[in-house]
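Remarks on the overall topology
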Amino acid sequence: MRAYWTLSSAIAVVICPCLVLGGCAGQQRSVTPRDTTCDGTIEGPTPAYITVWFHTGQPSERQTLGKQVAAFNAAQQQVRVKLIDIPEAGYADQVRSAAATGNLPDLLDFDGPNLYNYAWSGKLKPLDSCVPGSLRADLLPSIVQQGTYAGRLWGIGTFDSGLGLYIRPSILRRIGARIPVRVTDAWTASEFTGILHRLQRAGYRQPLDLSVTSATPTTMEWWTYGFAPVVWSAGGDLIDRSTYRTAQGVLNSAASVRALTVMQSWFRDGLVNPDMNDAFLRGRAPISWVGHWMYGPYHKAFPHDLQIVPLPRFGPQPSSGMGSWQWGITANATDGDAVWRFLSYLLQPAQVLQMTQANGAIPATLSAIRLSPAFAPGGPEHIYVQQLQDGFARPRPQTPAYPAISAAFAAALAQISQGQDVRQALDAAVRQIDGNLAANRYYMASEP
């Protein structure tokens, strides 16, 4: 998961209810009709030509996907894939423009939380008829969970994401800190705060790297992805998931306020290092709150003194984030079976491993995980798999309103980190979210 929302674009979503793929306030939209995307037969002349859009993120991802497309095209004669990569910074705008003009490709990749707006607005085809039971059983449960909306499967990723605390065990032992060995051994919030203060007294002036450059975020999605688990662990949420009609009483609940007040104290007491990621790499911060994508650089810097432990818990049990880029078959695709032929190729264990070795993410299938030294049982990153399998990781709210929810929550966190009253900041976020929901008639989907 890489965040690319700016503060200005996020605020614009809160103010204007027109979301990812368009749609004006008050307008109801239908989800895709209950058709059969795949019938098991590639129809029409062969080869069938399909177009694939891919965001250009890490160069290694683009290079790997290019090789996979070339290998797929060379291995069979029925389907030919044309890959078009689009710079990540302008990707959302390009997708939005193509959707408005009916020019989406056959296969589209998108950041996980955007799926729900895409499905709601009718721009995707359901995948239920395409995915065989054997593959569904092999997928991480988190992959199925994040790809599901309104009871149907709309997206599948070849990898997932994970959050945790990277620590320098030698330094933690030096101050007498307990080191968790399982997800359920997570530090309590008060225990973690005490450890930070002890590290500060031991000479680490700002011992915690939260992967934020300053109190005012330049990227918004990290603030939601990275710190929603603080609220979840406490017993709160970003929206009432029983109805998806209000954030009142959950985002601004007493539990949420208590948890974020603790987090605010880390900023107030000077425990947070503003030198994002470099603070850990340079040895100035012995604890880094970040995701799987930093394992490679951190391991290179401290090959014999690095461990991943769960995030601190603010309630009965710890929590973590999940979700990353996914693939979806668009409503423009004329032959779902041809598109699925390529997507199913990307989900083969060897192909999943190729991509996850390139980007460091968690393999999406259990068969690929078993073949991965880093993520298999006993591997240094197996904790991410445990969190995804055992229910500690949660998807971000599965609603078309997600962009507005994320923007409001991230803005509230930025204000909280600057010292604003926690309850007031959360109340304001609730008003923004509920206003967006009401303006869009709660994103009601009329049955086709």
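Residues numbered from 1 in each chain as written. Predicted model: local features only at pLDDT ≥ 70, side-chain atom pairs only at ≥ 80, totals over all residues. Heavy atoms only, no water.

1. Concerning the overall build of the protein chain
Spelled out, the test is: Going along the chain from the N terminus, every DSSP run of H or I of four or more residues is numbered as a helix, and every run of E of two or more is numbered as a strand. Buried residues are those whose accessible area, probed at 1.4 Å on protein chains only, stays under 20% of the maximum for their type, while exposed residues exceed 50% and partly exposed ones sit between those limits. For accessible areas, the Shrake-Rupley method is used with a probe of radius 1.4 Å. Any residue's cover is judged against the shown protein chains and nothing else.
On a plain count of helices and strands, the protein chain comes out with 18 helices and 15 strands. Within the protein chain, the proportion of its 448 residues that are buried is 60%. Here the protein chain has roughly 16700 Å² of accessible surface; of this, 52% comes from carbon and sulfur atoms.

2. Considerations on the nonpolar core
A general tendency of soluble globular proteins is for nonpolar side chains to be buried together. Cut-off, in case you're wondering: Note on terminology: a nonpolar core comprises buried Ala, Val, Leu, Ile, Met, Phe, Trp, Tyr and Cys residues joined through side-chain atoms within 4.5 Å.
Residues Leu-210, Phe-227, Leu-260, Trp-266, Ile-287 and Phe-342 are the most contacted members of the largest nonpolar core, which totals 141 residues. Take this core: its biggest share by element is 9 residues, from helix α9 (residues 221-234).

3. A few points about the state of the cysteines
This is how it is decided: Any pair of cysteine sulfurs within 2.5 Å is marked as a disulfide.
For the structure shown, the criterion picks out 1 disulfide. Sulfur-sulfur distance for the disulfide between Cys-38 and Cys-130 comes to 2.0 Å. Every disulfide takes its handedness from the sign of the S-S torsion; for Cys-38 and Cys-130 that torsion is 85°, giving right-handed. Of this pair, Cys-38 sits in the loop between α1 (7-15) and β1 (48-56) while Cys-130 sits in the loop between α4 (115-120) and α5 (133-138), placing them 92 residues apart in sequence. A relative accessible area of 6% means that Cys-38 is categorised as buried. We classify Cys-130 as buried; its relative accessible area is 7%.

4. Things to note about the packing of helix α2 (residues 59-75) against helix α14 (residues 349-359)
The cut-off we apply is this: Orientation is described by lines fitted to C-alpha atoms, with helices fitted over the stretch in contact, and by angles between N-to-C directions that extend from 0 to 180 degrees. Roughly parallel covers angles under 35 degrees, roughly antiparallel covers those over 145, roughly perpendicular covers 65 to 115, and oblique covers all other angles. Each helix crossing is assigned a hand: it is left-handed if the near helix lies turned anticlockwise from the far helix by less than a right angle, otherwise right-handed if that turn is clockwise. We call two residues contacting when some pair of their heavy atoms lies within 4.5 Å. Under this grouping Gly is polar, as are all residues other than the nonpolar Ala, Val, Leu, Ile, Met, Phe, Trp, Tyr, Cys and Pro and the charged Asp, Glu, Lys and Arg.
Where α2 contacts α14, the two axes come as close as 8 Å, and the packing angle between them is 160°. Classed by the angle they form, the pair α2 and α14 counts as roughly antiparallel. The crossing of α2 and α14 is right-handed. Between α2, through Ser-60, Glu-61, Thr-64, Leu-65 and Gln-68, and α14, the contact on the second element is made entirely by Gln-351, Gln-354, Met-355, Ala-358 and Asn-359. Counted by class, the contact of α2 with α14 contains 3 nonpolar, 6 polar and 1 charged residues.

5. A short note on the pairing of strand β10 (residues 287-291)
The condition that has to hold: At least two DSSP bridges between two strands are needed for those strands to be called paired.
Judged by how many residues are buried, β10 sits mostly within the fold: 5 of 5 residues are covered. Sheet topology places strand β7 (residues 163-167) next to β10; 5 bridges connect them, and they run antiparallel. Opposite Tyr-166, over in β10, you have Ser-288 as the bridge partner. Looking at chain direction, strand β8 (residues 208-209) and β10 are connected through 2 bridges and run parallel. The residue of β10 that forms the bridge with Asp-209 is Ser-288.

6. Comments concerning the sheet that holds β8
The 5 strands are arranged β9-β8-β10-β7-β11 in an open sheet whose pairing can be described as mixed. In the strand order of this sheet, the two ends are held by β9 (272-273) and β11 (307-309), each with one partner. As defined by bridge partners, β7 adjoins β11 across 3 bridges and the pair is classed as antiparallel. Within β11, the position partnered with Tyr-166 by the bridge is Ile-308. Sheet strands in contact with helix α16 (residues 382-389) are β7, β10 and β11, and its direction is about 155° off that of β7.

7. Details of the pattern of salt bridges
For side chains of opposite charge, pairing can occur when their charged atoms come near one another. As a reminder of what qualifies: Note on definitions: salt bridges are taken to be side-chain nitrogens of Lys or Arg within 4 Å of carboxyl oxygens of Asp or Glu.
In this structure the tally under the stated criterion is 14 salt bridges. When the shortest N-O distance is used, the salt bridge between Arg-136 and Asp-128 registers 3.6 Å. Judged by relative accessible area, which is 32%, Arg-136 ranks as partly exposed. We classify Asp-128 as partly exposed; its relative accessible area is 30%. Ionic pairing is found between Asp-128 and Arg-152, a salt bridge with its closest N-O pair at 3.7 Å. One end of the pair, Asp-128, is in the loop between α4 and α5; the other, Arg-152, is in strand β5 (residues 152-153), and 24 residues separate them in sequence. Where salt bridges share partners, they join Asp-128, Arg-136 and Arg-152 into one cluster.

8. A short note on the packing of aromatic side chains
For the record, the criterion: Only the six-membered ring of Trp is used, alongside the rings of Phe and Tyr, when aromatic pairs are assigned; centres must lie within 6.5 Å, and planes under 30 degrees apart are stacked while those over 60 apart are edge-to-face, with the rest tilted. Charges are assigned to positions over rings by a cutoff of 6 Å between ring centre and Lys NZ or Arg CZ, combined with an angular limit of 35 degrees from the ring normal.
Taken as a whole and judged by the stated rule, the model has 20 aromatic pairs. Between the aromatic rings of Phe-54 and Trp-327, the centroid separation amounts to 6.1 Å while the plane-to-plane angle is 25°, which identifies the pairing as stacked. Here the residue Phe-54 occupies a position in strand β1, and Trp-327 occupies one in strand β13 (residues 325-329), the gap between them amounting to 273 residues. Seen in terms of ring centroids, Trp-120 and Tyr-443 are 5.0 Å apart; in terms of plane orientation they differ by 70°. Their pairing is edge-to-face. With Trp-120 in helix α4 and Tyr-443 in the segment after α18 (422-439), this residue pair connects regions lying 323 residues apart in the sequence. The burial state of Trp-120 is the same as that of Tyr-443; both residues are buried. Lying over the aromatic face of Phe-302, Arg-168 brings its terminal NZ or CZ to 3.9 Å of the ring centre. Stacked on the ring of Tyr-442, the Lys or Arg Arg-245 has its end atom at 3.9 Å from the ring centre.

9. Observations concerning α14
Within α14, burial applies to Gln-351, Val-352, Leu-353, Met-355, Thr-356 and Asn-359. On its buried side, α14 packs onto α2, β6 (159-160), α13 (336-346), β14 (362-363) and α15 (366-370). Downstream of α14 by one or two residues, Gly-360 has phi in the positive range, about 80°.

10. A word on the confidence of the model for the protein chain
Rule in force here: A residue's pLDDT is the predictor's confidence in that residue, given on a scale from 0 to 100.
Scored by pLDDT, the protein chain comes out at a mean of 90, with 90% of its residues at no less than 70. Scored below 50 in pLDDT, residues 1-33 makes 111 contacts in the model with residues more than four places away or belonging to other chains.

11. What about the environment of Gln-200?
Where we set the bar: Pairing of N or O atoms within 3.5 Å defines a polar contact, subject to two protein rules: one partner must be a possible hydrogen donor and the other a possible acceptor, and residues neighboring in sequence count only if both atoms are side-chain atoms.
Mapping Gln-200 onto the fold places it in helix α8 (residues 189-201). Along the primary structure Gln-200 and Ala-285 are separated by 85 residues, whereas in three dimensions their C-alpha atoms are 9.7 Å apart. Sequence-distant contacts of Gln-200, defined by excluding residues within four places in its chain, comprise Arg-205, Pro-207, Asp-269, Gly-270 and Leu-271. At a separation of 3.1 Å, a polar atom in the side chain of Gln-200 contacts the main-chain carbonyl oxygen of Arg-205.

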